[in-house]
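Reading the structure
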Amino acid sequence: MITCAADNCPSTQDTRIDGNLITLFPFPEDDQRKNQWLRNCDLLLSDDEPLYLCELHFEESYFTESKDLKPNAIPTIFDKKEELLIKQEEIMSQTTPPKQKQINELTLRTPPQSPFVQDNVSLFFI
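What counts and what doesn't
- Residues numbered from 1 in each chain as written.
- Predicted model: local features only at pLDDT ≥ 70, side-chain atom pairs only at ≥ 80, totals over all residues.
- Heavy atoms only, no water.
- Helix = DSSP H or I, 4+ residues; strand = E, 2+ residues; numbered from the N terminus.
- Buried < 20%, exposed > 50% of the residue type's maximum accessible area, 1.4 Å probe, protein only.
- Contact = heavy atoms within 4.5 Å.
- Areas by Shrake-Rupley, 256 points an atom, 1.4 Å probe, with all protein chains shown as cover.
- Polar contact = N/O pair within 3.5 Å; in protein donor to acceptor, adjacent residues only side chain to side chain.
- Phe/Tyr/Trp six-rings, centres within 6.5 Å; stacked < 30°, edge-to-face > 60°.
- Core = buried A, V, L, I, M, F, W, Y, C linked by side-chain atoms within 4.5 Å.

Identification of the protein chain as THAP-type domain-containing protein from Cardiocondyla obscurior is taken from an unreviewed UniProt entry.

Below, the structure is given as structure tokens:
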């Protein structure tokens with residue numbers, strides 16, 4: 001199974017975003033570009049198996065209209081797991097739960113009845 005080589009990235013060849021499969025790009029053949037990718041990912045060169053990065057680690061400006069990587073593309077987006085947790089906690093602390101309506105005697109009143117029903121209530125209980 002092909003997986004993203006970036007640290008803490010759970011993307012695989014089966015990962016979907018909005019129903020579409022995520023794209024995984026192989027590391028470049030060119031040694032200079034490959035080394036740049038490795039440095040940005042904080043990885044060591046691995047001869048064991050080919051390395052891939054998912055599309056989430058590239059800025060939009062590095063993509064062509066057909067969603068291919070441009071030749072000068074360099075991965076620059078790497079969210080650390082701790083940073084993501086902090087961001088989630090900040091968002092959760094900023095959102096307040098909706099206020100619940102308090103129910104009391106005044107809100108449980110019976111709605112007024114039409115004059116016809118009021119006058120003829122005794123007909124139902126005879």
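1. Points about the overall build of the protein chain
Regarding its fold elements, the protein chain presents four helices and four strands. Order of helices (α) and strands (β) in the protein chain, N terminus to C terminus: β-β-β-α-β-α-α-α. Every one of the 126 residues in the protein chain was classed for burial, and the buried ones make up 19%. If you take every contact in the protein chain between residues at least 6 apart in sequence, the share linking residues at least 24 apart comes to 47%. Carbon and sulfur atoms form 53% of the exposed surface of the protein chain, whose accessible area is close to 10800 Å².

2. Remarks on the environment of Gln13
Along the chain, Gln13 falls in the segment before strand 1 (16-17). When the C-alpha positions of Gln13 and Leu24 are compared, they lie 6.9 Å apart, and in sequence the two are 11 residues distant. For Gln13, the contacting residues outside a window of four places in its chain are Met1, Ile2, Leu21 and Leu24. A polar atom in the side chain of Gln13 sits 3.0 Å from the backbone nitrogen of Ile2.

3. Some points on the packing of aromatic side chains
Counted by the stated rule, this structure contains five aromatic pairs. Between Phe25 and Phe58, the aromatic rings sit 5.9 Å apart at their centres with planes inclined by 85°, giving edge-to-face as the arrangement. Taken together, the residues span a long stretch of sequence, with Phe25 in strand 3 (residues 24-26) and Phe58 in the loop between strand 4 (52-54) and helix 2 (81-94) at a distance of 33 residues. Here Phe25 falls in the buried class, since its relative accessible area comes to 11%. The exposure class assigned to Phe58 is buried, which follows from its relative accessible area of 4%.

4. Some words on the side chain of Ser11
Note that Ser11 resides in the segment before strand 1. Not counting the four nearest positions on each side in its chain, Ser11 is found in contact with Thr3, Cys4, Ile22, Cys54 and Leu56.

5. A short note on the nonpolar core
The biggest cluster of nonpolar side chains holds 18 residues, and the ones touching the most others in it are Cys4, Phe27, Leu53, Cys54 and Phe58. Only strand 3, helix 1 (31-41) and strand 4 provide two or more residues apiece to this core. Residues contacting Phe27, with those up to four places away along its chain left out, are Ala5, Lys34, Trp37, Leu38, Cys41, Leu43, Leu51, Tyr52 and Leu53.

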